[in-house]
Amino acid sequence: MNNKINCKLIFCDTVKSEPTPNGVQNSLVGVIQAIEPVNIPGNFTFTVACFLSGIDATKNNVLKARWIDPHSNSTVVFDNVLLPAINQPNSRCGLLNAQINLEFRNIVLSLEGNYTVEVDINDELVAKDSIPVVKKSD
């Protein structure tokens, strides 16, 4: 993993964004520790909030994220998401902190087990986390 860029992942139902006098305020709604669809196989919608710090804001950066099933197959890929260079005068040493919300809509969950999200910045793994998928009890 990259030692300079830090990334924390939080699984939730959605992220609500509201404008405030100090900018946009993001709130995580329904933090989840397991995905419990009514049916497996079935579809499910959720969000993974990525909290990034230490990104070099003086250059373009590229984010890639993968949703990996229990058999190690990448079933969803966010590929080549551009994080453009910005001029942020209040940032220390040209480093940027950012929140990027990965919205997974109607993702087909074909089996129970641990699914994994991996996030790369500039082709370097910066975060990896897993979440169990289990059929909701009747």
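What follows deals with the overall build of the protein. Each helix and strand in the protein was counted, giving zero helices and eight strands. Taken from N to C terminus, the helices and strands of the protein fall in the order β-β-β-β-β-β-β-β. Considering only C-alpha atoms, the protein reaches an extent of 55 × 35 × 20 Å along its principal axes. When contacts within the protein are restricted to residue pairs at least 6 apart in sequence, those whose partners lie at least 24 apart make up 68%. With an accessible surface of roughly 8,300 Å², the protein has 46% of that area assigned to carbon and sulfur atoms.

This paragraph deals with the sheet that holds strand 8 (residues 124-133). As summarised here, the arrangement of the four strands in space is 5-4-7-8, forming an open sheet in which the pairing is antiparallel. Pairing within the sheet leaves two strands with one partner each, and these edge strands are strand 5 (74-83) and strand 8. Taken pair by pair, the neighbouring strands of this sheet meet at an average axis angle of 15 degrees, ignoring direction.

Turning our eyes to something else, we now look at the packing of aromatic side chains. According to the stated counting rule, one finds six aromatic pairs in the structure shown. Seen in terms of ring centroids, Phe 46 and Trp 67 are 5.1 Å apart; in terms of plane orientation they differ by 50 degrees. Their pairing is tilted. A residue pair is termed long-range when its members are at least 10 positions apart, and Phe 46 in strand 3 (residues 42-56) and Trp 67 in strand 4 (residues 61-68) qualify at 21 residues. Taking the relative accessible area as the measure of exposure, Trp 67 reaches 0% and is therefore buried. Aromatic side chains Phe 46 and Phe 104 sit 4.9 Å apart centroid to centroid with 15 degrees between the ring planes, which places their arrangement in the stacked category. Here the residue Phe 46 occupies a position in strand 3, and Phe 104 occupies one in strand 6 (residues 95-109), the gap between them amounting to 58 residues. The class of Phe 104 is buried, set by a relative accessible area of 2%. Put simply, the rings of Phe 44, Phe 46, Trp 67, Phe 78, Phe 104 and Tyr 115 touch in pairs and so form one group of aromatic residues.

Moving on: the sheet that holds strand 1 (residues 6-20). Pairing is antiparallel in the open sheet, where four strands are placed in the order 2-1-3-6. Looking at which strands have only one partner, the edges of the open sheet turn out to be strand 2 (23-31) and strand 6. If you compare each strand with its neighbour and ignore which way they point, the axes differ by 50 degrees on average. Here strand 1 pairs with strand 2 via eight bridges, running antiparallel. Looking across to strand 2, one finds that Pro 19 is bridged to Val 24.

Next up on the list: the pattern of salt bridges. The final tally for this structure, using the stated rule, is six salt bridges. Here Lys 64 and Asp 123 are joined by a salt bridge, their closest N and O atoms 3.0 Å apart. Here Lys 64 is found in strand 4, whereas its partner Asp 123 is found in the loop between strand 7 (113-121) and strand 8, with 59 residues between them in sequence. Several salt bridges converge on common partners, so that one network encompasses Arg 66, Glu 118, Asp 120 and Lys 128.

Basis of the calculations
- Residues numbered from 1 in each chain as written.
- Predicted model: local features only at pLDDT ≥ 70, side-chain atom pairs only at ≥ 80, totals over all residues.
- Heavy atoms only, no water.
- Helix = DSSP H or I, 4+ residues; strand = E, 2+ residues; numbered from the N terminus.
- Contact = heavy atoms within 4.5 Å.
- Areas by Shrake-Rupley, 256 points an atom, 1.4 Å probe, with all protein chains shown as cover.
- Pairing = 2+ DSSP bridges.
- Axes fitted to C-alpha atoms, helices over the stretch in contact; angles between N-to-C directions.
- Phe/Tyr/Trp six-rings, centres within 6.5 Å; stacked < 30°, edge-to-face > 60°.
- Buried < 20%, exposed > 50% of the residue type's maximum accessible area, 1.4 Å probe, protein only.
- Salt bridge = Lys/Arg side-chain N within 4 Å of Asp/Glu carboxyl O.

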